[in-house]
Amino acid sequence: MSRTNSLTVDRTETTEHRTVSAARDAISGKVKGFRALLPFLGPAFIASIAYIDPGNFATNIQSGARFGYKMLWIIVLANLMAMLLQNMSAKLGIATGKSLPEICRENLPKWLTIIMWIVSELAAMATDLAEFLGATLALNLLAGIPMLLATIITGVVTYLILMLEKYGFRPLEKFIAAFAFLIGLCYLVETIFSKPNIAQIAYHSVVPWLGNSESLILAVGVLGATVMPHAIYLHSSLTQGRIVPRNDNEKIKIQKFSTKEIFIAMTLAGFINLSMMYMAASVFNTTGNSQIADIQSAYHTLTPLLGPAAASVFLISLLASGLSSSVVGTMAGQVIMQGFVGFTIPVWIRRLVTMLPTVIIVAIGVDPTRTLVISQVVLSMVLPFPIIALIYFTQKKEFMGVLTNKRITTIASSLFALIILGLNVWLVVQTVLS
C-alpha cells in the first residue's frame, strides 16, 4: 500500500471512529440534547435527497401551475408516508444488520427475488433519468452549456462526488446534507419572492381534492416523485452497519435517534416540495400562466414575473437537486444489485450505463419535462414492491426482535400501500377509457 493510500485509510478510520465513539457516548447518556443527536445525522438526509429530486420539480411545478394550491394535500400525504416508510427501512437495517434487498434474497423465492431486482433496476434507471435531466437542464439554462455537454459534465461531477465514499461514510453524508440545506435555503428565498397565499396553503394542505384524469396523472406523478422505491431500499443499507448495536437496549436507543433524524430530514424535504408547488400556484396559476408545463418555461416566466434573481435561485436549487440526487441514485443502484443478486459492478460502469438513457433523450430532442413526469409515474407503479416487502419483514419478530412493528405501524403502512395501489389502478383505468 502506498503512503498516500495509507494516509487516506488512516483518516477514514479516524473519522468513522470519532463518529462511532460520539454515538456510543450518546447511547450511554454521557452526552445529552442536540449534541447527542449529531453523530446519528446523515442516513436520513441522504435518503431525503431522493424526495426532492428534479422529478419533484417537474410534477410539483406542473401541478401548481395547472391547479393552483389544490394538490398540496398530496404532498402532505406523501411526506407522511415517506416518514413512516423511511423509519421502517432504517429500523430494519438497525435490527437485522442487513439491507432490505439482502433480506429479500435470503428469505423469498429466487424467482420472486429476480423479478424484484429487475423491477427495482428499472425504477433506479427511471430515477437516474429524472436526476440527470434536472442537472443537465439547470446547467443549460444557468450557464448556457449545450444540453449534450451538460449531460457529460453532470456524469463526471456526480462520479467525483461518489469518490468521497473512499473516505468513509461521514464526508459523503455531510456533503449530501449540505446540498439538502442549500435547496431548502433556495426555496425559502423563493417563498419570500413569490408571496404565496398562506390561508390557501393551510386549507389545501389538509383538504383532499382530485379533479379530472389530468390531475390524477399528476397526483400519481407527485406520489411517485415523493415516495421513492430506491430510497426505501437504500435507507436500510445506510443504517445496517453504521453504528452497530451490542444489545437490544442499544437497538432501541439507536432507533430513537434515527427516528428524530428522519423527522428533521423529511420535514425539510416536505417543506421544499410544498414550496415548489405553492410557488408555482402563486406565480403561475394566479397570473394566468396555468399552461406552464415544463421547467424551461417556468424559468423563462419567472424572470419577468419575479426578476432574474428569483429565476437564478430556482436554477441553483435544480442543479443542487440534480447532482446530489444522482449521487444517491447511484448508491441505491449498487445496494439493489448487491442485495438482490449478490454482486456489484464498478461505480464508473453503473454511472456510465445509467446516464445513457439521458444522453439518448437529449440527443434526439425529447421534451425533458414530459419525460420527467412520465418517469415519476413509472416510479409510482414500482413503489408497491419495496413497500409490501418492507411491511412483511418489519412485522415479523424473528427478523426484528425488540424493534418489531407495533400493530398501528403495520396498519398505517398497509393503508398507505393500498392508497398507492388504488391510485395506480385508477390511473390505468382512466388511461384505458380515455
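Relevant structure appears above.
Below or above, wherever it landed, is the structure these notes cover.

Here is what the cut-offs are and how they apply
Residues numbered from 1 in each chain as written. Predicted model: local features only at pLDDT ≥ 70, side-chain atom pairs only at ≥ 80, totals over all residues. Heavy atoms only, no water. Patch = residues over 30% accessible without salt bridge, like charges linked within 9 Å, V, L, I, M, F, W, Y side chains within 5 Å. Areas by Shrake-Rupley, 256 points an atom, 1.4 Å probe, with all protein chains shown as cover. Salt bridge = Lys/Arg side-chain N within 4 Å of Asp/Glu carboxyl O. Lys, Arg positive; Asp, Glu negative; His and termini not counted. Charge placed at Lys NZ, Arg CZ, Asp CG, Glu CD. Helix = DSSP H or I, 4+ residues; strand = E, 2+ residues; numbered from the N terminus. Expected span 1.5 Å × (residues − 1). Bend = angle between axes of the 7 residues up to and from the residue. Buried < 20%, exposed > 50% of the residue type's maximum accessible area, 1.4 Å probe, protein only. Phe/Tyr/Trp six-rings, centres within 6.5 Å; stacked < 30°, edge-to-face > 60°. Contact = heavy atoms within 4.5 Å.

This next bit is on a positive patch on the surface. Judged by side-chain charge, Lys32, Lys253, Lys256, Lys260 and Lys406 come together as a positively charged surface patch. Relative to the helices and strands, lysine 406 resides in the loop between α19 (397-400) and α20 (407-433).

With that settled, the discussion passes to helix α16 (residues 347-364). Helix length check: α16, at 18 residues, gives a terminal C-alpha distance of 27 Å against a target of 26 Å (1.5 Å per residue), a fit within 8%. At leucine 356, α16 shows its maximal bend, which comes to roughly 35°, and the proline proline 357 appears one to four places after that position. Burial in α16 covers these residues: Val347, Arg350, Arg351, Thr354, Met355, Thr358, Ile361 and Val362.

All chains considered together, the criterion is met by seven aromatic pairs. Ring geometry for phenylalanine 67 and tryptophan 209: centres 5.4 Å apart, planes at 50°, overall tilted. Linking phenylalanine 67 in helix α4 (residues 54-67) with tryptophan 209 in the loop between α10 (198-204) and α11 (213-226), this pair joins segments that are 142 residues apart in sequence. Under the relative-accessibility criterion, tryptophan 209 is labelled partly exposed at 25%. Through successive ring pairs, a cluster of aromatic residues spans Tyr392, Phe393 and Phe399.

Here we take up the environment of alanine 320. Tracing the sequence through the fold places alanine 320 in helix α15 (residues 308-341). When its relative accessible area of 3% is taken as the criterion, alanine 320 is described as buried. Sequence-wise, alanine 320 and proline 54 are 266 residues apart; in three dimensions their C-alpha atoms are separated by 9.5 Å. Excluding residues that lie within four positions of it along the chain, alanine 320 makes contacts with Phe179, Leu182 and Ile183.

This is a description of form; function is not addressed.
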